[in-house]
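What the coordinates show
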Amino acid sequence: MRIISGKYRSLVLSEFKGEDIRPTADRVKESLFNIIAASVPSARALDLFCGSGGLGIECISRGAEFVHFNDISADSIKVLNKNLSRIKEHNYKVTNQNFSDCLLSLDNKFDIIFLDPPYRLEAGREALEIIARRNLLKEDGIAVLERDRAFTGEIEGLTLCDERKYGKTYLSFFEVT
């Protein structure tokens, strides 16, 4: 796993192994950032299920103003902190919480919210519902849900504005209604 573009281009990130670990593939990440490229510079981003931090660090590399990293796994946070120690910026915050506790504790709105929960859970839908209910996404912001199937149904307060498939991975893009 590597940083694709920006200040830290080609930086290889530390990862950890496990049956439930599936970092966003470089080609999916590259496509994702091509789609949201104009939104990243000066953005405030939330990487809610951050794992080793690849999406949030990519944002920092591309000029994001601030990134909030969160993961429930202490092992993920250890790897994330190792990766963050390799960059010079300190425009980030790290929390080690359940996703709902994290969302309920936030006071700020974000330009970009990344949701990459374990595929076996429906945590992405629940997270989107909390984001909409708490108004955590800016009016012109984008929330991106990564999962192994197309998104179905509706989220009150958010609109599914785009969806892309890359192999077995779906990226669903939401904006404020």
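Our subject in this report is the structure included herewith.

So, empty space enclosed by the protein
Summed over all chains, the structure comprises one cavity of 30 Å³ or more. One number sums up the size of the largest cavity: a volume of about 50 Å³. Lining the largest cavity we find Pro-117, Pro-118, Tyr-119, Leu-121, Glu-122, Gly-124, Arg-125, Leu-145, Glu-146, Arg-147 and Arg-149. Examining the composition of the lining of the largest cavity, we find that three residues originate from one element, strand β5 (residues 137-147), more than from any other.

Quick notes on the sheet that holds strand β1 (residues 44-47)
With mixed pairing, the seven strands of this open sheet are ordered in space as β3-β2-β1-β4-β5-β7-β6. Every other strand in the sheet has two partners, leaving β3 (92-95) and β6 (158-166) as the edge strands with one partner each. Between one strand axis and the next, the sheet turns by 15° as a mean value, whatever way the strands run. Bridge count for β1 against strand β4 (residues 110-115) is three bridges, and the pairing is parallel. Paired with Asp-47 across the two strands is Phe-114, which belongs to β4. Packed on one face of the sheet, helix α1 (residues 26-36) meets β4, β5, β6 and β7 (169-176) and runs near 25° to β7. The strands touched by helix α5 (residues 123-134) are β4, β5, β6 and β7; relative to β4, the strand with the most contacts, the crossing angle is about 160°.

Points about α5
Taking 1.5 Å of rise per residue, 12 residues should cover 16 Å, and α5 covers 16 Å from first to last C-alpha, within 8% of that figure. Listing the buried residues of α5 in full gives Ala-123, Gly-124, Arg-125, Ala-127, Leu-128, Ile-130, Ile-131 and Ala-132. Those residues of α5 that are buried lie in contact with α4 (99-105), β4, β5, β6 and β7.

Comments concerning the pairing of β1
Neither face of β1 is left uncovered, since the one carrying Arg-44 and Leu-46 and the one carrying Ala-45 and Asp-47 both have all their residues buried. Examined bridge by bridge, β1 and strand β2 (residues 66-70) share four bridges and lie parallel to one another. Residue pairing across strands places Ala-45 opposite Val-67, the latter belonging to β2. This β-α-β element, β1 to helix α2 (residues 54-61) to β2, shows right-handed connectivity.

So, the nonpolar core
Counting 31 residues, the largest nonpolar core has Leu-32, Phe-33, Ile-36, Cys-59, Phe-69, Ile-112 and Phe-114 as its most contacted members. Elements with a minimum of two residues in this core: α1, α2, β2, α3 (74-84), β4, β5 and β7. For Phe-69, the contacting residues outside a window of four places in its chain are Asp-47, Cys-50, Gly-53, Gly-56, Ile-57, Ile-60, Leu-80, Leu-84, Tyr-92, Lys-93, Val-94 and Thr-95. Judged by nonpolar contacts, the second largest core, of 25 residues, contains Leu-103, Ile-113, Leu-136 and Val-176.

Topic: the packing of aromatic side chains
Using the criterion set out here, one finds four aromatic pairs in the structure. With centroids separated by 6.2 Å and ring planes inclined at 80°, the aromatic side chains of Phe-69 and Tyr-92 adopt a geometry described as edge-to-face. Here Phe-69 is found in strand β2, whereas its partner Tyr-92 is found in strand β3, with 23 residues between them in sequence. The exposure class assigned to Phe-69 is buried, which follows from its relative accessible area of 0%. Ring centres of Phe-151 and Phe-174 lie 5.0 Å apart, and the angle between their planes is 85°; on these two criteria the pair is classed as edge-to-face.

Regarding the side chain of Ser-52
Among the structural elements, Ser-52 can be located in the loop between β1 and α2. Among the residues examined, Ser-52 registers a relative accessible area of 8% and is labelled buried. Those residues in contact with Ser-52 that sit more than four places away from it in its chain are Met-1, Ser-14, Ile-57, Val-79, Leu-80 and Asn-83.

Quick notes on the pattern of salt bridges
Counting across every chain of the model gives nine salt bridges. For Arg-149, the salt bridge identified is with Glu-122, shortest N-O distance 2.3 Å. Of this pair, Arg-149 sits in the loop between β5 and β6 while Glu-122 sits in the loop between β4 and α5, placing them 27 residues apart in sequence. With a shortest N-O distance of 2.9 Å, Asp-162 and Arg-164 are connected by a salt bridge. A residue is classified by how much of its surface remains accessible, and Asp-162, at 24% relative accessible area, is partly exposed. What makes Arg-164 partly exposed here is its relative accessible area of 35%.

What counts and how
Residues numbered from 1 in each chain as written. Predicted model: local features only at pLDDT ≥ 70, side-chain atom pairs only at ≥ 80, totals over all residues. Heavy atoms only, no water. 1 Å grid on protein atoms, 1.4 Å probe; cavity = no way out; pocket = protein on both sides within 12 Å on 5 of 7 lines; lining within 4 Å. Points joined across faces, edges and corners; volume = space filled by probe spheres on them. Helix = DSSP H or I, 4+ residues; strand = E, 2+ residues; numbered from the N terminus. Pairing = 2+ DSSP bridges. Axes fitted to C-alpha atoms, helices over the stretch in contact; angles between N-to-C directions. Contact = heavy atoms within 4.5 Å. Expected span 1.5 Å × (residues − 1). Buried < 20%, exposed > 50% of the residue type's maximum accessible area, 1.4 Å probe, protein only. Right-handed = clockwise from strand over helix to strand, strands pointing away. Core = buried A, V, L, I, M, F, W, Y, C linked by side-chain atoms within 4.5 Å. Phe/Tyr/Trp six-rings, centres within 6.5 Å; stacked < 30°, edge-to-face > 60°. Salt bridge = Lys/Arg side-chain N within 4 Å of Asp/Glu carboxyl O.

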